[in-house]
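Topology and contacts: notes
So you can see what is in the structure, the chains are spelled out below.
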Amino acid sequence: DAMVIQNPRYQVTQFGKPVTLSCSQTLNHNVMYWYQQKSSQAPKLLFHYYDKDFNNEADTPDNFQSRRPNTSFCFLDIRSPGLGDAAMYLCATSRGRGETQYFGPGTRLLVL
Amino acid sequence: DQQVKQNSPSLSVQEGRISILNCDYTNSMFDYFLWYKKYPAEGPTFLISISSIKDKNEDGRFTVFLNKSAKHLSLHIVPSQPGDSAVYFCAASDMTSGSRLTFGEGTQLTVNP
């Protein structure tokens, strides 16, 4: 019974071609997060939603956008992927701010 | 500015022995600390956490120790099992930043049979 689901697990896109990654959760948590993790590095927070309230990190490029149409789903849109955007993208949820975050399995993005 | 550091990129121990993974932090505002375990091609799995009001938290084979004066925490796994082989991430947050978790770069633990 998966709690944080990410689709697809692997995504290949072309340089400059928009791509959308999706995340859903069955935990009914208020907060959803998107992290980027490059090889051998720490996961880096891109943005998070507290309910419908969107919070962008100061250093997240404009190329990255997010949507949360309802409690269960959250999307990461990369408008014009560059080679440097190839990474693992992790979705996480928490019941409230500052509470334990639970991660999905991640989507590995490859940009050709 | 690396606020959470795991200085050992790798650690190798024998099955049955203790594994000790270390983490240092610089931000004195951090008040909640977590350890995650990550297998290849999977997302991090929450293991154990500790609030800054405590100095020890135990859950089965896993114990986390927090030394606030030294800004240091450690994860002890005893006895270590081959299935514990994974990358372990230390993470920290503070209530003023609300939701942001700051991660260390991870330590690859290998438990040899």
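Right above here is the structure, for reference.
Our subject in this report is the structure included herewith.

About the criteria used
Residues numbered from 1 in each chain as written. Chains lettered and ligands numbered in written order. Predicted model: local features only at pLDDT ≥ 70, side-chain atom pairs only at ≥ 80, totals over all residues. Heavy atoms only, no water. Contact = heavy atoms within 4.5 Å. Buried area = accessible area lost by both parts, 1.4 Å probe. Salt bridge = Lys/Arg side-chain N within 4 Å of Asp/Glu carboxyl O. Polar contact = N/O pair within 3.5 Å; in protein donor to acceptor, adjacent residues only side chain to side chain. Helix = DSSP H or I, 4+ residues; strand = E, 2+ residues; numbered from the N terminus. Nonpolar A, V, L, I, M, F, W, Y, C, P; charged D, E, K, R; others polar. Pairing = 2+ DSSP bridges. Core = buried A, V, L, I, M, F, W, Y, C linked by side-chain atoms within 4.5 Å. Buried < 20%, exposed > 50% of the residue type's maximum accessible area, 1.4 Å probe, protein only. Axes fitted to C-alpha atoms, helices over the stretch in contact; angles between N-to-C directions.

1. Some thoughts on the interface of chain B and chain A
Interface size is commonly expressed as the accessible surface area that is lost when the partners come together. Each partner contributes residues to the interface: chain B has 18 residues there, and chain A has 24 residues. Summed over both partners, the interface of chain B with chain A buries about 1600 Å², with 57% contributed by carbon and sulfur atoms. Applying the counting criterion to the chain B and chain A interface returns one salt bridge. Ionic pairing is found between Glu57(A) and Arg100(B), a salt bridge with its closest N-O pair at 2.7 Å. Across the contact surface, chain B and chain A share four residue pairs in polar contact (both at pLDDT 80 or more). For the side of chain B that touches chain A, the secondary-structure elements that each account for two or more residues are strand 4 (32-38) and strand 5 (45-51) of chain B. Ranked by the residues each element gives to the side of chain B that touches chain A, the list is headed by strand 4 of chain B, at four residues. For the side of chain B that touches chain A, a count of residues per class yields nine nonpolar, five polar and four charged.

2. With respect to the side chain of Ser74(B)
Mapped onto the fold, Ser74(B) is located in strand 8 (residues 72-77). Ignoring sequence-local partners within four residues, the contact set of Ser74(B) consists of Ile20(B), Leu21(B), Asn22(B), Trp35(B), Thr63(B), Val64(B) and Phe65(B).

3. Some details on the sheet that holds strand 3 (residues 19-25) of chain B
All names here are of chain B. Sheet architecture is open: five strands sit in the order 1-3-8-7-6, paired in antiparallel fashion. Here the strands that pair on one side only, and so sit at the sheet edges, are strand 1 (4-5) and strand 6 (56-59). As paired elements, strand 3 and strand 8 share six bridges and run antiparallel to each other. Residue pairing for strand 8: Ile 20 is matched across the bridge by His 76.

4. Topic: the nonpolar core
Membership of the largest hydrophobic core comes to 23 residues, with the highest contact counts inside it found for Phe33(B), Trp35(B), Leu73(B), Leu75(B) and Tyr88(B). Of all the secondary structure elements, the ones that give two or more residues to this core are strand 3, strand 4, strand 5, strand 7 (62-67), strand 8, strand 9 (86-93) and strand 11 (107-112) of chain B. No other element matches the four residues that strand 9 of chain B contributes to this core. Not counting the four nearest positions on each side in its chain, Phe33(B) is found in contact with Tyr25(B), Ile48(B), Ser49(B), Ile50(B), Ser52(B), Leu66(B), Leu73(B), Ala91(B) and Ala92(B). By size, the runner-up hydrophobic cluster in this structure holds 18 residues, among which are Leu46(A), Phe47(A), Ile78(A) and Leu109(A).

5. Concerning the sheet that holds strand 7 (residues 64-67) of chain A
All names here are of chain A. With antiparallel pairing, the four strands of this open sheet are ordered in space as 1-3-8-7. Each edge of the open sheet carries a strand with a single partner, namely strand 1 (4-7) and strand 7. Going from strand to strand, the sheet's axes swing by 20° on average, the running direction of each strand aside. Judged from the four bridges that link them, strand 7 and strand 8 (residues 73-78) form a sheet pairing that is antiparallel. Along strand 8, the bridge assignment pairs Phe 64 with Ile 78.

Fair warning: the whole summary comes from geometry, so function is off the table for now.
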